[in-house]
Structures are given as C-alpha cells and as structure tokens.
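The chain contents come next:
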Amino acid sequence: MDLPNNRSSVSEFILLGLSNSQEIQILFFAIFFLVYVAIIVGNLLIVISVIVDNHLHSPMYFFLANLSFFDLCLSSAATPKVIADFLRKRKTISLWGCMAQMFFMHFFGGGEMSLLIAMAMDRYVAICKPLHYKTIMNHRALIVLLLLSWAIGFIHTTSQMVFTAGLPFCGPNVVDSVFCDLPLVIKLACTDTYILELLVIANSGFLSLICFIFLLISYIVMLVTIWQQSSRASSKAVSTLSAHITVVTLFFGPTIFIYAFPFSSYSVDKFLSVFYSIITPLLNPIIYTLRNQEMKAAIKRLSSQHLGSWLTS
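Residues numbered from 1 in each chain as written. Predicted model: local features only at pLDDT ≥ 70, side-chain atom pairs only at ≥ 80, totals over all residues. Heavy atoms only, no water.

An unreviewed UniProt entry lists the protein under the name Olfactory receptor, from Mustela putorius furo. Reading the Sequence similarities (unreviewed entry) entry of the UniProt record for the protein gives the comment "Belongs to the G-protein coupled receptor 1 family." (UniProt positions renumbered as here; feature names shortened; annotations may be inferred.)

Next up, the structure:
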C-alpha cells in the first residue's frame, strides 16, 4: 500500500542518454543539432511551398504540408532538450516536464498516424475512383479529415496520460533513454502498473499494428489497380505510392516494435525511440522531395524568388 507522503517524493527524473563518454556526447550533440536544423528547414520548406505555390494546391499536397507540420511538432517535443542534455553531465527533467513531453509526443504521433491514413484514402480515391476524385475529396472532406487527425491524436494521448499523470513516483527515478518514454516511466511508479502497461500496449502498439496492416492492404489494392493500367500517369502514381509506403514503414515500424512487441531489455527500444522521434521527421521531407518532381520544382521556384528579391533589394 502506498503512503500518501511518498506519492510526490520524486520531483524529477534522471535521463541516462545514449553514452557516458564526454567525447561521444559532443559528437552526438553535433549530429543531433545538424539533424534538427535539417528537420526544421526541410519541413518548413514543404509547408511554405505548399502554401505559396498554386501548383501544389491539391489534396495530396495539403496532407503533405500537414504531415510536415506534425513532423516539426513531433521532433520539437523532445529533440531540443535531447540536444541540450548532450552538453550536461547530469541530465534531468522535472516530473511535469516529463509528463508534458510524453503528452505532446503521443499527441503529434497519434495525429500523424491518423494523417497517414487520410493520405492513403486520398491516394485510393485518386487511383481507384478518379472520375469522382474532386467530388469526394472536396474542401469540406479535407478539413474534416484534418480535424479528425487532431482529435484522434488528442484522444490517443489523453487516454494514456490521464492515468500516467496520477501515478505515485516515490522510488527509482532513472529513465534509460534520451527523453521520457512512456513504458519506461510507467515502470518507475510505486504501484502495480500491469493494467496500465496493457493499456499502453493496446493503445499505442496494437493500434499502430492495425493501422499499418490497414495501410498495407490499401496500398496493395492501389498497386494492383495501377498494374492493370498502362500509362505515363500510372508510373507517376507508382512513384508517389512508393514514397508513401516508405514513409508509412519508417513511421510505424519502430512504434510497433516498441509497444506491440516489448523487449525484456530496452536497449533496442532506446535507439528505435530516437529513430522514430528524430530520424523519421528528417527522412519524410527527403523522401517526398526527392521522389516528387512537382515538389522539387516548387522548392526551386520558391528559392529563386527569394534569391531574386534578395539580390534586387
């Protein structure tokens, strides 16, 4: 039985990070700083290009711009703190700072999960029902799908954090990660968390697995439909779909391993968490810009316009 005076004895958590070596931590600081700058620049370029370029005012790019915004928010929930901690000997985070970090990571992670499904629906309608595309994917449908993504992200994180925030922490306060990871923090509570751990696995793990299977089946159906056609538009659709499939795999893969198949040792989970929250937001803009001629052309037009105005000023 937990004593009332022990329920709030832990006011901060200690993060172990990736290494104890000062030289390696300085190297990690440089790498993570450059990666974060690339995340900000790459995703902002996509968002701004979609907003200002009339050639990109279509449902697919509307969702892509919002995906980049989710990536910006997801990486910003933890990465600045991770970068700063590489320069600190003692890496700590307050109890409520930890709770806020987990809340926003699951909020934007859940929202991005839902948005990827919306993007798959958009591509399905475009490929399998092209004659009805403009009717189905109208402005109202886009807004509804976007609001659903935000709502699902909020429900996803609230359903877990409402129980986690009330847990008593009175003993160990060491988190073997670079940021507050929900399964690791729950295990530090001074009470039986078996039911809550099952809730987290079901909420994050099985939901990710089900969504991934749904997306996989959807893309298989789309690829079969494309293979039955033979045109230049089909090859363009295959290129777009391959980019979507790559992003979906990179996003859901680490999440499924972390939550649906928890390991007895969390060393693997630690690096998967870093990949999910820091590397994936960097890869998404790279994948979409390198595989999409229209996006590359829009970014070139945006760059040339700003360069031209700078030279003439």
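Participant: Residue-level account of the pattern of salt bridges, with values.
Facilitator: Applying the stated criterion across every chain, the model contains 6 salt bridges. Residue Arg-301 is joined to Asp-53 by a salt bridge in which the shortest nitrogen-to-oxygen separation is 2.9 Å. In this pair, Arg-301 sits in helix α11 (residues 293-312) while Asp-53 sits in the loop between α1 (22-52) and α2 (59-76), placing the two residues 248 residues apart along the sequence. Here Arg-123 and Asp-122 are joined by a salt bridge, their closest N and O atoms 2.9 Å apart. Each of Lys-81, Asp-85 and Arg-88 takes part in salt bridges that share partners, so that together they form one network. (Salt bridge = Lys/Arg side-chain N within 4 Å of Asp/Glu carboxyl O. Helix = DSSP H or I, 4+ residues; strand = E, 2+ residues; numbered from the N terminus.)

Participant: With reference to specific residues and values, describe the packing of aromatic side chains.
Facilitator: Applying the stated criterion across every chain yields a total of 19 aromatic pairs. For the ring pair Phe-103 and Phe-104, a centre distance of 5.3 Å and an interplane angle of 90° mean the geometry is edge-to-face. Under the relative-accessibility criterion, Phe-103 is labelled partly exposed at 23%. On the basis of relative accessibility, which here comes to 39%, the residue Phe-104 falls in the partly exposed class. Taken together, the aromatic side chains of Phe-69, Phe-70, Phe-103, Phe-104, Phe-107, Phe-108, Trp-150 and Phe-154 make up a single cluster linked through ring pairs. (Phe/Tyr/Trp six-rings, centres within 6.5 Å; stacked < 30°, edge-to-face > 60°. Buried < 20%, exposed > 50% of the residue type's maximum accessible area, 1.4 Å probe, protein only.)

Participant: Give a description of the side chain of Asn-43 that names residues and reports values.
Facilitator: Residue placement: Asn-43 occurs in helix α1. Among the polar contacts made by the side chain of Asn-43, one reaches the side chain of Ser-68 at a distance of 3.3 Å. Beyond its immediate stretch of four places on either side in the chain, Asn-43 contacts Ala-38, Ser-68, Asp-71, Leu-72, Pro-281 and Pro-285. (Polar contact = N/O pair within 3.5 Å; in protein donor to acceptor, adjacent residues only side chain to side chain. Contact = heavy atoms within 4.5 Å.)

Participant: Requested: an account of the packing of helix α6 (residues 139-164) against helix α8 (residues 194-227), with residues and values cited.
Facilitator: For any two helices packed against each other, one specifies the crossing angle of their axes together with the interaxial distance. The contact between α6 and α8 brings their axes to 10 Å, and the two run at 165°. Between α6 and α8, the crossing angle belongs to the class labelled roughly antiparallel. Note on packing geometry: the crossing formed by α6 with α8 is left-handed. Across the interface between the two elements, His-156, Ser-159, Gln-160, Phe-163 and Thr-164 from α6 touch Leu-196, Leu-199, Val-200, Asn-203, Ser-204 and Leu-207 from α8. (Axes fitted to C-alpha atoms, helices over the stretch in contact; angles between N-to-C directions. Parallel < 35°, antiparallel > 145°, perpendicular 65-115°, else oblique. Left-handed = near helix turned anticlockwise from the far one by under 90°.)

Participant: Quick one: what's the story with the nonpolar core, residue by residue and with numbers?
Facilitator: One finds Phe-63, Leu-67, Leu-116, Leu-215, Phe-252 and Met-295 to be the most contacted residues of the largest nonpolar core, which totals 50 residues. Those elements that place two or more of their residues in this core are α1, α2, α4 (95-128), α6, α8, α9 (232-260), α10 (267-290) and α11. Top contributing element to this core by residue count: α4, with 11 residues. When residues no more than four places from it in sequence are discounted, the contact partners of Leu-67 are Glu-112, Leu-115, Leu-116, Met-119, Val-247, Asn-284 and Tyr-288. (Core = buried A, V, L, I, M, F, W, Y, C linked by side-chain atoms within 4.5 Å.)

Participant: Now, about the sheet that holds strand β1 (residues 12-15): what can you tell me, with residues and values included?
Facilitator: Here 3 strands make up an open sheet; going across it, the order is β2-β1-β3 and the pairing mixed. Looking at which strands have only one partner, the edges of the open sheet turn out to be β2 (92-94) and β3 (174-175). Sheet topology places β1 next to β2; 3 bridges connect them, and they run antiparallel. When the bridges of β2 are listed, Glu-12 appears paired with Ser-94. Across the sheet, α4 lies against β1 and β2, angled at about 85° from β2, the strand it touches most. (Pairing = 2+ DSSP bridges.)

Participant: Explain the confidence of the model for the protein to me, using residue names and the numbers behind them.
Facilitator: Averaged over the protein, the pLDDT score is 84; the fraction of residues at 70 or greater is 89%. Across residues 1-7, confidence stays below pLDDT 50; counting only partners more than four residues off in sequence or on other chains, it has 9 contacts. (pLDDT = per-residue confidence, 0-100.)

Participant: An account of a nonpolar patch on the surface is requested, with residue identities and associated values reported.
Facilitator: Among the surface-exposed residues, Phe-33, Leu-34, Val-37 and Val-41 lie close enough to one another that they form a single nonpolar patch of about 360 Å² accessible area. Inspection of the secondary structure assignment puts Phe-33 in helix α1. (Patch = residues over 30% accessible without salt bridge, like charges linked within 9 Å, V, L, I, M, F, W, Y side chains within 5 Å. Areas by Shrake-Rupley, 256 points an atom, 1.4 Å probe, with all protein chains shown as cover.)

Participant: Please give an account of the state of the cysteines that cites residues and values.
Facilitator: In total, this model carries 2 disulfides according to the counting rule given. Residue pairing for Cys-98: its cysteine sulfur links by disulfide to Cys-180, the two sulfurs lying 2.1 Å apart. Between Cys-98 and Cys-180, the S-S dihedral sits near -130°, and the bridge is therefore left-handed. Residue Cys-98 is located in helix α4, and its partner Cys-180 is located in the loop between β3 and α7 (182-186); the two are separated by 82 residues in the primary sequence. Here the two residues Cys-98 and Cys-180 agree in accessibility, since each one is buried. Paired by a disulfide, Cys-170 and Cys-190 hold their sulfur atoms 2.2 Å apart. Taken together, the residues span a long stretch of sequence, with Cys-170 in the loop between α6 and β3 and Cys-190 in the loop between α7 and α8 at a distance of 20 residues. By relative accessible area, which is 18% here, Cys-190 ends up buried. Ordinal numbering of bonded cysteines along the protein defines a disulfide pattern of 1-3, 2-4. (Disulfide = S-S within 2.5 Å.)

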